[in-house]
Amino acid sequence: MKHYWKIYFFTLLQIGFFIYSYILYSSNSFQYRNDYKSSSAQQGELVWQKYNCQSCHQMYGLGGYLGPDLTNVISVKGKNNNYILAIIKSGSIQMPSFNLSDVEKINLIEFLKSTDASGKADPRSFDSQFTGMISNK
Amino acid sequence: MKTTNEYSIGEYFIAVALIMLIFGLIFGVLASANYIFPAYSKNWLGFVQLRPLHVSSIMFFILIGASGCVYSSFNIISPYKINNSLAKLQLGCWILSIIFILFSYFNSKFGGREYWEFPPKYAILIAFTWLLFIINVIRIIRETKEKPVYIWMWATGIFFFILTFSENYLWQFPYFREHFVKDMTIQWKANGSLVGSWNQLIYGTSFFLIEKISKNKSYAKSNLAFVMYFLGLFNLMFNWGHHIYTLPTDSYVRYVSYIVSMTEWIFLARIIYTFRKNLTEAQKLFHHFPYRFLFASEIWVFLNLSLALVMSVPAFNLYTHGTHVTVAHAMGTTIGINTMILLGACFEFLKPETDLLSNGSKLLKFFFWSFQITLFVFWITLIIMGIKKGLWQMGNQSDSFNMMMSTLHGEFQVFVVSGFMLMISLVVIIISLLNSFFRNHFQFKTI
Ligand code: HEM
């Protein structure tokens, strides 16, 4: 039958897709990259989602565009936990004020610590090669 | 009265989708106004609510609209094969999901992730709705003898949607949530392929319509058409890594995506190669409204593909990532390609009075053109905004984030005004389509 090549090809691609997915799901190499989230940090991520901080803020450049990227905000000089909690409480011209519970505050800070530990989101931390590929400095 | 084989459940899907598009447009304009009047709506509907309201309404428009087009096409390909009760249940579940989800946004109840910010429990309802679609379509396809490429595309799109939509919720399991970078890798893998899956539904519809309008049945069965389909599927599966080039994930992810994305040059080359032929065809068929939208979508494919090719080079991506260039890409493709094709299809299926479309209706022609022009201004403005931010983020950042944003004030104004005009153009077009829906289905039912 002349349709067979299509079915073979489809199946082949499908198998490739599942293998690739499996490799990504089971990869352990991420674990050496300090991106582990404690259970408190995991709860903190849910706080981030509950208040939809992602509608204005980004992690590794992904999210909304009205506010700055917050992946590494916690390690910026002069912006410690208190600064962050203060701005969340007071808001700013654009940013609404949020009334987080004490537990939510602790967890959110843990989450921001874990994103910071996972790597640098600043695109300047990459070198470009002539092939167009990038690598960490 | 319409006879039974003319009764098309697909048209009801299309009507609901068009209403969602109107909502989406209004929320989009209200959201964008925050760029020039900071937090003007903070007390009644903040940006934090408006963004998901906009994006989700648009997603519903695309998904329900595409489903409606698939049904309407099947109504022509294999009449009487659609199980209307099942389809009605499906539409009912969609409407229920929409009510729940919009209601939770209005009440600031979130909990999900980007593009699906609603509380995750509602995802179950959407998945169930989609399962009904799968059951219906499998039954129809089994009874359809010929399987040109668009049937493969619909089947692929429907199957991959449920796959990637579920993948999008893997974070519900602690195993997937434990590692931030891995979690994000999987999230954007799912998101990228998900967009690919609805593109299969929509491009399939475009194929079907072109075949129907040009009355040329050979192309959709040709080997070339299938080669292009497989190339598209290959990209759907493996070309999502450009969303996360800067994420410290395993570096092979970057290589795979970069290499796969370069196969998109083939699509670009093909558009250029066939452009002359298409242009001659266009001269013959341009008076036909559905065709006009399909032709416009080709131009937008060309523009957006060119932009995507630039963004897929990691070294350039450092400048465009996390800026409005990404938004230009996202809205450019969803408006210029997806919405354009869906509107063309709506014109074909709903058939607002035919003579109105072929020669007359200066009004609709005017709004067709104002749609194209305002979209172009909108798109270019987003790109300019993005490039300016890109230069800032790769520069020494002596200006703070707020200072950088305030230098973009002029661009923001153009963005909001062109977005507003875009909304007006589209709303006029949509209303004329909805009018004919109501005329087709309600006014003439009495005889
Ligand atoms: C058919 C019409 C439209 C479609 C399909 C559409 C689609 C989208 C999509 C997919 C996004 C997500 C972008 C991303 O995350 O990268 C988005 C965001 C957005 N759209 Fe639209 N859109 C449409 C019309 C409009 C209009 C007319 C406006 C008004 C100016 C608008 C304003 C916005 C805004 C402000 C955002 C959020 C960008 C940010 O985070 O700052 N959209 N839209």
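The model shown is predicted, which means the values in this text are computed figures rather than measured ones.

So, about the overall build of chain B. Helix and strand counts for chain B come out as 17 helices and 0 strands. Each of the three principal axes of chain B carries a C-alpha extent, and together these read 70 × 50 × 45 Å. Each of the 447 residues in chain B was classed as buried or not, and the buried ones make up 63%. A separation threshold of at least 6 residues defines the contact pool for chain B, and within that pool the share at least 24 residues apart is 81%. Of the roughly 17500 Å² that chain B leaves accessible, carbon and sulfur atoms contribute 70%. Both charge centroids of chain B, one from 32 positive and one from 19 negative side chains, sit 4 Å from each other.

As a further point, take the overall build of chain A. A tally of helices and strands in chain A yields 4 helices and 4 strands. Along the first, second and third principal axes, the C-alpha set of chain A runs to 70 × 35 × 30 Å. For chain A, with 137 residues in total, the buried portion stands at 47%. In chain A, the proportion of contacts linking residues at least 24 apart, taken out of those at least 6 apart, comes to 52%. Split by element, the accessible area of chain A, about 7200 Å² in all, is 62% carbon and sulfur. Charge-centre separation for chain A: the mean point of 13 positive side chains lies 6 Å from the mean point of 9 negative side chains.

Looking now at the interface of chain B and chain A. At the interface, 79 residues of chain B touch 65 residues of chain A. Interface of chain B and chain A: buried area, both sides summed, is about 6400 Å²; carbon and sulfur atoms make up 65% of it. Interface area lost by chain B to chain A is led by His179, Phe180 and Phe230 of chain B, which between them contribute 11%. The tally of links between chain B and chain A comes to 2 salt bridges. When the shortest N-O distance is used, the salt bridge between Asp183 of chain B and Lys37 of chain A registers 3.4 Å.

Moving on to the packing of aromatic side chains. Scanning the model with the defined rule gives 64 aromatic pairs over all chains in all. Seen from their ring centres, Trp130 of chain B and Phe161 of chain B are 4.2 Å apart, and the 40 degrees between their planes marks the pair as tilted. Separated by 31 residues along the polypeptide, Trp130 of chain B in helix 4 (residues 121-142) and Phe161 of chain B in helix 5 (residues 149-167) bring together distant segments of the chain. Taken together, the ring pairs in this structure connect Phe13, Phe60, Tyr71, Trp94, Trp116, Phe118, Trp130, Phe133, Phe161, Phe165, Tyr169 and Trp171 of chain B into an aromatic cluster. Over the ring of Phe226 of chain B we find Lys6 of chain A, and its NZ or CZ is 3.8 Å from the ring centre. In this arrangement the basic side chain of Arg292 of chain B is found over the ring face of Phe368 of chain B, its NZ or CZ atom lying 5.3 Å from the centre.

What follows concerns a nonpolar patch on the surface. Residues Ile15, Ile19, Tyr22 and Ile23 of chain A together with Tyr252 of chain B make up a contiguous nonpolar surface patch of roughly 500 Å² in combined accessible area. Broken down by element, the nonpolar patch gets its largest block of residues, 4 residues, from helix 1 (residues 4-26) of chain A. Checked against the element boundaries, Ile15 of chain A lands in helix 1. In this structure Ile15 of chain A comes out as partly exposed when scored by relative accessible area, which is 47%.

Looking now at the confidence of the model for chain B. In this model, chain B carries a mean pLDDT of 91, and residues with pLDDT of at least 70 account for 96%. Within the model, pLDDT remains below 50 along residues 1-5 of chain B, and this stretch shows 8 contacts once partners closer than five positions in the same chain are excluded.

For the rest of this paragraph, the subject is the site of the ligand. Surveying the vicinity of the ligand reveals 25 residues, the closest of which are Tyr35, Arg51, His54, Tyr115 and Met331 of chain B. Mapping the residues adjacent to the ligand onto the chains of the assembly identifies chains A and B. The contact in question runs from an oxygen atom of the ligand to an N or O atom on the side chain of Arg51 of chain B, over 2.7 Å. Among the elements of the structure, helix 1 (9-32), helix 2 (47-77), helix 13 (324-350) and helix 17 (409-441) of chain B are those that each provide at least two residues to the shell around the ligand.

Residues and elements named next belong to chain B. Within the protein, the atoms that donate to the iron atom of the ligand are His54 (NE2) and Met331 (SD), at distances of 2.1 to 2.3 Å. Coordination geometry of the iron atom of the ligand: the 6 donor atoms subtend angles of 86 to 180 degrees at the metal centre, consistent with an arrangement described as octahedral. Placement of the pair is His54 in helix 2 and Met331 in helix 13, with a sequence separation of 277 residues. A relative accessible area of 17% places His54 in the buried class.

Core analysis: the largest hydrophobic core is formed by 179 residues, its most contacted members being Leu18, Ile64, Phe74, Phe118, Trp130, Phe293 and Phe371 of chain B. Sequence-distant contacts of Leu18 of chain B, defined by excluding residues within four places in its chain, comprise Phe61, Leu343, Cys346, Leu350, Ile430, Leu433 and Leu434 of chain B. Judged by nonpolar contacts, the second largest core, of 8 residues, contains Met133 of chain A together with Tyr258, Val313 and Ala315 of chain B.

Reading the values: rules and limits
Residues numbered from 1 in each chain as written. Chains lettered and ligands numbered in written order. Predicted model: local features only at pLDDT ≥ 70, side-chain atom pairs only at ≥ 80, totals over all residues. Heavy atoms only, no water. Helix = DSSP H or I, 4+ residues; strand = E, 2+ residues; numbered from the N terminus. Buried < 20%, exposed > 50% of the residue type's maximum accessible area, 1.4 Å probe, protein only. Contact = heavy atoms within 4.5 Å. Areas by Shrake-Rupley, 256 points an atom, 1.4 Å probe, with all protein chains shown as cover. Lys, Arg positive; Asp, Glu negative; His and termini not counted. Charge placed at Lys NZ, Arg CZ, Asp CG, Glu CD. Buried area = accessible area lost by both parts, 1.4 Å probe. Salt bridge = Lys/Arg side-chain N within 4 Å of Asp/Glu carboxyl O. Phe/Tyr/Trp six-rings, centres within 6.5 Å; stacked < 30°, edge-to-face > 60°. Lys NZ or Arg CZ within 6 Å of the ring centre and 35° of its normal. Patch = residues over 30% accessible without salt bridge, like charges linked within 9 Å, V, L, I, M, F, W, Y side chains within 5 Å. pLDDT = per-residue confidence, 0-100. Near = heavy atom within 4 Å. Polar contact = N/O pair within 3.5 Å; in protein donor to acceptor, adjacent residues only side chain to side chain. Donors = N, O, S within 2.8 Å, 3.2 Å for Na, K, Ca; no water. Tetrahedral: all angles 85-135°; square planar, octahedral: opposite > 155°, others 65-115°. Core = buried A, V, L, I, M, F, W, Y, C linked by side-chain atoms within 4.5 Å.

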